Amino acid sequence: MNATARVIRGRVLSFTGDPAESGSRAYSLIENGAVLVNGGLIEAVGEAPDILARAPSGAVIDDQTGCLITSGLIDAHVHYPQTQVIGSYGAQLLDWLHNYTFVEEQKFADPAHCARVADFFLDELFRSGTTTAMVYCTVHPSSVEAFFTAAEARGARMIAGKVMMDRDAPTALMDTAERGYDESKALIERWRGRGRLDYAITPRFAVTSTQAQLDAAGALAREFPQLYVQTHANENKAEIARVAALFPEARSYIDVYEKAGLTGPRSVFGHCIHLQDSEVAALAKSQSVAAFCPTSNLFLGSGLFDQARLARAGVRIALATDVGGGTSYSMLRTAAEGYKVLQLKGQSWPALDAFYRMTLGNARALSLDDRIGSIEPGKEADLIVLDPRATPALAHRMERAGGNIEVELFAFLTLGDDRAVRQTYVAGEPCKDARSVA
Ligand SMILES: [Zn+2]
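Report on the accompanying structure. All values derive from a computational prediction rather than experimental measurement. Here the residue index of a chain counts from 1 through its sequence in written order. In keeping with the predicted nature of the model, local features appear solely for residues at pLDDT of at least 70, side-chain atom pairs appear and are counted solely at 80 or more, and the whole-chain, interface and lining totals rest on all residues. In computing side-chain properties, one takes all heavy atoms of the structure into account and sets aside hydrogens as well as water.

1. Quick look at the pattern of salt bridges
Keep this limit in mind: By salt bridge we mean one thing: a side-chain nitrogen of Lys or Arg within 4 Å of a carboxyl oxygen of Asp or Glu. Only DSSP runs of H or I reaching four residues or more are called helices, and only runs of E reaching two or more are called strands; each is numbered from the N terminus. The buried label applies to any residue whose accessible area, calculated with a 1.4 Å probe on protein chains only, is under 20% of its type's maximum; exposed applies above 50%, and partly exposed to all values in between.
Scanning all chains against the criterion turns up 28 salt bridges. Here Arg 157 makes a salt bridge to Glu 380, at a shortest N to O gap of 2.8 Å. Note that Arg 157 is positioned in strand 7 (residues 157-161) and Glu 380 in the loop between helix 14 (351-365) and strand 14 (383-386), a separation of 223 residues in sequence. By relative accessible area, which is 5% here, Arg 157 ends up buried. For the salt bridge of Asp 255 with Arg 251, the shortest nitrogen-to-oxygen distance reads 2.9 Å. A residue is classified by how much of its surface remains accessible, and Arg 251, at 64% relative accessible area, is exposed. Salt bridges sharing common partners tie together Arg 157, Arg 196, Glu 380 and Asp 382.

This is the structure in structure tokens:
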């Protein structure tokens, strides 16, 4: 952790709860506010004169007056090896994997390539205001080593894991049930809980893992109950039919994971679009998390996420980019597309709810809300500064916001992207455009 004390001055927005449940009591907005960060943590937040008065002498003052300071954004499902296949044309899920992803991921046998892409990816996240992500690497342990090494060097809070795949993929991308277990376990023992890093057991999905491999992943989850599990589920109808054919004894796709011991409060299932009622009930009962990936679901033509149905059933929900099936690193763009998906479902999604989801909501979904997701003393100092005049279109729109925070936030979603993020602080240090020279 860096020892520099710093006062970041601006309008401070922070969530204390879910606006869908407690409305305007779910957040605080300090118009003439400031945040004092020290040693990588938030030391104090409040009115600017009070915070400036208590800041230690020599503290750096970052004057972001006129801008909005919020918690760093959190991406609950993203693939760092897919940064050079993002925007690949014309395929739905299974073809997209075989034609683009599985070709690209073979390059990660080369540690130098892993390191270069990990640096690019983290720089791009910070540029977009994302300070924490739950990340898929490739089947190669070197891809995990490179990612965690780069994240540790930046002091960032990141969760990642080695993809496990033992069928229906190119030979160069397959492990075995036993090797997947052994390699994952070695990585877990090396990286779990080190600094701000944590590990996710990562069977890619039931199509590319045999029952034996899913069971091995479940054994790891039992051995290390504090670890995360991440995988994909119910994204695409052809995928679901394939899972039904591969696991004829299973009652459903989610049942395959449940039987393997892979559901639970630290399990994040990407997509969850085409769910049977029994699957919704199983996700709710196990307190598993469904990750809504709107740009990916639109880009791959997968379908429309039914947020109201899952929320009604009590399923925990996260928001995620799913780059490179997803088309933007920006959580602002992701939430804007989420809004449109929900419009097509006849559902509403107020901007406050979307900002909650990107910050405290996703922190809760990842069981990290004791450390990140809101601006409170003692929490880790991952913050972003949003500039309402970042582009001519934003500045022009904001003239009509009339100081209404909900209108402003919705304009940030609709018109914002990485350009709207003026600064990103990771553990209290400014990181926007701090591009590495890898
Ligand atoms: Zn994915």
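Having put the structure on the table, let's press on.
2. Comments concerning unusual backbone geometry
Here Val 323 and Gly 324 are connected by a cis peptide whose omega angle stands at 5 degrees. Of note, Gly 324 is situated in the loop between strand 13 (316-319) and helix 13 (331-344). With a phi close to 55 degrees, Asp 168 is a non-glycine residue in the positive phi region. Among the secondary structure elements, Asp 168 is positioned in the loop between strand 8 (163-164) and helix 6 (177-191). The exposure class assigned to Asp 168 is partly exposed, which follows from its relative accessible area of 30%. For Asp 322, which is not glycine, the phi dihedral falls at a positive 50 degrees. Topologically, Asp 322 is positioned in the loop between strand 13 and helix 13. Residue class for Asp 322 comes out buried when judged on its relative accessible area of 4%.

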